[in-house]
Amino acid sequence: MVRAYIGTYTKKESQGIYKIELSEEGRVLEVASVAKVENPTYLALSSDNKNLYSVSKTEGKGSVTSFRVLEDGRLEELTSVQKEGNPPCYVEVSHDDKYLLSANYHTGTVDSYSINDGALETLLSTDTHEGNGVHPRQEKPHVHFAGFSPSGNYVFTCDLGTDEITSYKLNAGKLEKVQNVKVKAGSGVRHIVFSSDETRAYAMTELTSEVIAFDYDGAGNLTNPEYYSTLLEDFPVENKGSAIKISNDNRFIYVSNRGQDTIVVFENVDNKLKEIQTISTEGTDPRDFALSKDNKLAVATNETSGTITVYAVDQETGELDVVQCGVEVPEAVCVKFV
């Protein structure tokens, strides 16, 4: 059996964080509410899967919350650290489970927190971005992502508002800037992933729906950007690019599009991306999706339709095939496989 957690908005019917149980073939066996939290839109798991972390809203303030994962998959709240302003939009845990990063779209900040025995403790460091862009949504910084390189030695942020990817060292939990890379004006860079050998990086843009492929030196520096459209030519309606993932063997890049409501699959051929599939998410507004740890399954979260879709992943071609769709998870935003 395969388990995953779903983070949601709680503006309508959602109760907070949900657990789904899947068969090995990808059939949904159970959907259950496991923690009542306000707007837990993004989640992260510790390396041993014993703790889960969520963005949240507590007493009208933005917060990050830690949970202990119980044997049956339910969540027991440990601690919540609050900060003035709206909640962050992204969280990620360091490889040694000592630190948590959060990215805040509204305040244009990236924060680092200490973790002790699974529980969040103290806000250690904040970097506040500056600037704007050419698009109406780029009136100020909007940090949409803060995560670690595969080695865990560097932190990267994506700023949709300033069209910048910034790298940092995390020194005793404190952010120290290494590099700031400007991408194409108006692109609205959103999320980034890295090849496991740390030679390549791939970022997804929200405003232009492109994948940006970079060379990566393993030391915090990105160079030689190449842009790949994820949309059919002259796509007729507004689209917002969202999530990006990479297969374990680094051969395939997957991205989701809201508007087109698809997942687009690229194959890496001699460090050039070749689009090989565009497949419907069978729902509306796929804000996120994820590959299972063994890359045999994928789940897409359709926020507006309040559904998830499960795919089988062809291990040879990288292509997706729908196993089950229309499974109700209200206001589904983020999915994390255990």
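As a reminder, the structure under discussion sits directly above these lines.
Now for a quick tour of the structure.

1. Describing the packing of aromatic side chains
Inspection of every chain in the model, using the stated rule, returns five aromatic pairs. Centre to centre, the rings of phenylalanine 156 and tyrosine 216 are 5.6 Å apart; their planes meet at 75°, and the pair counts as edge-to-face. Of the two residues, phenylalanine 156 sits in strand S13 (residues 155–159) while tyrosine 216 sits in strand S18 (residues 210–216), which places them 60 residues apart along the sequence. On the basis of relative accessible area, phenylalanine 156 is assigned to the buried category, the value being 1%. Put simply, the rings of Tyr42, Tyr90 and Phe145 pair up and form one aromatic cluster. Lying over the aromatic face of tyrosine 154, lysine 169 brings its terminal NZ or CZ to 4.8 Å of the ring centre.

2. Quick notes on the sheet that holds strand S24 (residues 286–291)
If you trace the four strands from one edge of the open sheet to the other, you get S24-S25-S26-S27, paired in antiparallel fashion. Two strands close off the open sheet at either side, each with one partner strand: S24 and strand S27 (320–328). Averaged over all neighbouring strand pairs, the angle between strand axes comes to 20°, with direction disregarded. Where strand S25 (residues 297–302) lies against strand S26 (residues 307–313), six bridges are found, and the strand directions are antiparallel. In the strand pairing of S26, leucine 297 is matched with alanine 312.

3. What about the pattern of salt bridges?
Using the criterion set out here, one finds 18 salt bridges in the structure. Here arginine 190 makes a salt bridge to glutamate 206, at a shortest N to O gap of 2.6 Å. Placement of the pair is arginine 190 in strand S16 (residues 189–194) and glutamate 206 in the loop between strand S17 (200–205) and S18, with a sequence separation of 16 residues. Here arginine 190 and glutamate 206 have matching classes, each one buried.

4. A look at the environment of valine 69
Structurally, valine 69 can be placed in strand S6 (residues 61–69). Its relative accessible area of 18% is what places valine 69 among the buried residues. Spatially, the C-alpha atom of valine 69 lies 24 Å from that of glycine 173, the residues being 104 residues apart in sequence. Apart from residues lying up to four places away in sequence, valine 69 is in contact with Tyr5, Leu45, Asn49, Lys50, Asn51, Leu52, Arg74 and Leu75.

5. Concerning the pairing of strand S3 (residues 28–36)
Sheet analysis places strand S2 (residues 16–22) next to S3, joined by seven bridges and oriented antiparallel. The partner of leucine 22 across the bridge, within S3, is valine 28. If you look at the hairpin formed by S2 and S3, you'll find five residues sitting between the two strands, and glycine 26 has a positive phi there, around 100°.

6. Overview of the nonpolar core
With 58 residues, the main nonpolar core has Ile17, Ile165, Ile192 and Leu222 as its most contacted residues. If you look at the next biggest cluster of nonpolar residues, it comprises 17 residues, including Val2, Tyr18, Val329 and Phe337.

Definitions and cut-offs
- Residues numbered from 1 in each chain as written.
- Predicted model: local features only at pLDDT ≥ 70, side-chain atom pairs only at ≥ 80, totals over all residues.
- Heavy atoms only, no water.
- Phe/Tyr/Trp six-rings, centres within 6.5 Å; stacked < 30°, edge-to-face > 60°.
- Helix = DSSP H or I, 4+ residues; strand = E, 2+ residues; numbered from the N terminus.
- Buried < 20%, exposed > 50% of the residue type's maximum accessible area, 1.4 Å probe, protein only.
- Lys NZ or Arg CZ within 6 Å of the ring centre and 35° of its normal.
- Pairing = 2+ DSSP bridges.
- Axes fitted to C-alpha atoms, helices over the stretch in contact; angles between N-to-C directions.
- Salt bridge = Lys/Arg side-chain N within 4 Å of Asp/Glu carboxyl O.
- Contact = heavy atoms within 4.5 Å.
- Core = buried A, V, L, I, M, F, W, Y, C linked by side-chain atoms within 4.5 Å.

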